[in-house]
Amino acid sequence: MPHNAFLESAHRRRTQYSLGRTLPIPQDEVTALIQDAVRESPSSFNSQSSRAVILYGAQSVKFWDIVKDALRGIVAADAFAQTEAKIDGFAAGAGTVLFYEDQDVVRDLQAKFPLYADNFPVWSEHATGIAQYAVWTALADADIGASLQHYNPLPDEAAAREWDLPASWRLRAQMPFGAHAAPIGPKTYIDDAIRFRVHG
């Protein structure tokens, strides 16, 4: 297969649950990397609806404490220890990216292009998915481990208050990241014959 730098980066992107606090590059470089990945992610009508809140250190821990408090209210007491350990694993990393979609942008596009009104919320989800993948892959390329989590809407209101976020921002995913604290296992793939059809 011909050399392809993008695909080499894609191969490095894996789910890493074992995170450490020490980053292999300076924090400001990580911030710039995340910002650039989101900035360069495509969106329908170039809407640029994706937003990101980047939390480091104690601020990241604070977010996962918010999640833990929300889960405490819905997880059975005898099962909470396992849940708490999982959340603490996310908090053990160097930081967390909170991915948002600005609903004001979506509504504005719906008003401007009513023919496509039903599609813009769907295309917004496409935009955030692309931004999440771009950030995850860029982090992997910098030898930073990460995973993608979806605890929304449990922490949404508390997080919005804590970081004074606009009411129009809708939380879509959370990405804890940090040093690789353990090896990542191999990824398995379904058979290509199931997944692909090629004609012509």
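Before going into details, it helps to say that this report is about the structure given with it. As the structure is a prediction and not an experimental result, all values here were calculated from the model.

### A look at the packing of aromatic side chains
For any pair of aromatic rings, the description consists of the separation of the ring centres together with the inter-plane angle of the planes. For the coordinates displayed, the defined rule picks out 15 aromatic pairs. The interplanar angle of 85° and the centroid separation of 5.9 Å between the aromatic rings of Y56 and F177 together place this pair among those described as edge-to-face. You can see Y56 sitting in strand β2 (residues 50–56) and its partner F177 sitting in strand β5 (residues 169–180), a full 121 residues away along the chain. Residue class for Y56 comes out buried when judged on its relative accessible area of 15%. Relative accessible area serves as the criterion here: at 0%, F177 is assigned to the buried category. Relative to F120, the ring of F113 has its centre 6.3 Å away and its plane inclined at 45°; by these criteria the two rings are tilted. Residue class for F113 comes out partly exposed when judged on its relative accessible area of 32%. For F120, a relative accessible area of 1% corresponds to the buried category.

### Section: empty space enclosed by the protein
Any empty space left between atoms is shown by rolling a water-sized probe over those atoms. The final tally for this structure, using the stated rule, is 1 cavity of 30 Å³ or more. What lines the largest cavity is simply S44, S47, S49, V105, V106, L109, F120, W123 and S124. Taken together, the elements giving at least two residues each to the lining of the largest cavity come down to α5 (103–112) and α6 (120–141). Residues of the lining of the largest cavity, tallied by class, amount to 5 nonpolar, 4 polar and no charged.

### Thoughts on the nonpolar core
If you look at the biggest cluster of nonpolar residues, it comprises 20 residues, and the most contacted ones within it are V30, I34, V135, L139, M175 and F177. Looking at this core, the elements with two or more residues in it are α2 (27–39), β3 (95–102), α6 and β5. Sort the elements by how many residues they give to this core and α2 lands first, with 5 residues. By size, the runner-up hydrophobic cluster in this structure holds 18 residues, among which are W64, I87, A91 and L165.

### A few points about the layout of surface pockets
Of the volumes computed, that of the largest pocket is approximately 230 Å³. What lines the largest pocket is a set of 14 residues, among which V38, R39, Q48, S50 and R51 lie closest to the centre. Among the elements of the structure, α2, β2 and α6 are those that each provide at least two residues to the lining of the largest pocket. With 4 residues, the single largest contributor to the lining of the largest pocket is β2. Classifying every residue of the lining of the largest pocket gives 6 nonpolar, 6 polar and 2 charged. Taken as a whole, the second largest pocket encloses approximately 150 Å³ of empty space. Every residue lining the second largest pocket is listed: K187, Y189, I190, D192, R195 and F196. Here the residues of the lining of the second largest pocket sort into 3 nonpolar, no polar and 3 charged.

About the thresholds
- Residues numbered from 1 in each chain as written.
- Predicted model: local features only at pLDDT ≥ 70, side-chain atom pairs only at ≥ 80, totals over all residues.
- Heavy atoms only, no water.
- Phe/Tyr/Trp six-rings, centres within 6.5 Å; stacked < 30°, edge-to-face > 60°.
- Helix = DSSP H or I, 4+ residues; strand = E, 2+ residues; numbered from the N terminus.
- Buried < 20%, exposed > 50% of the residue type's maximum accessible area, 1.4 Å probe, protein only.
- 1 Å grid on protein atoms, 1.4 Å probe; cavity = no way out; pocket = protein on both sides within 12 Å on 5 of 7 lines; lining within 4 Å.
- Points joined across faces, edges and corners; volume = space filled by probe spheres on them.
- Nonpolar A, V, L, I, M, F, W, Y, C, P; charged D, E, K, R; others polar.
- Core = buried A, V, L, I, M, F, W, Y, C linked by side-chain atoms within 4.5 Å.

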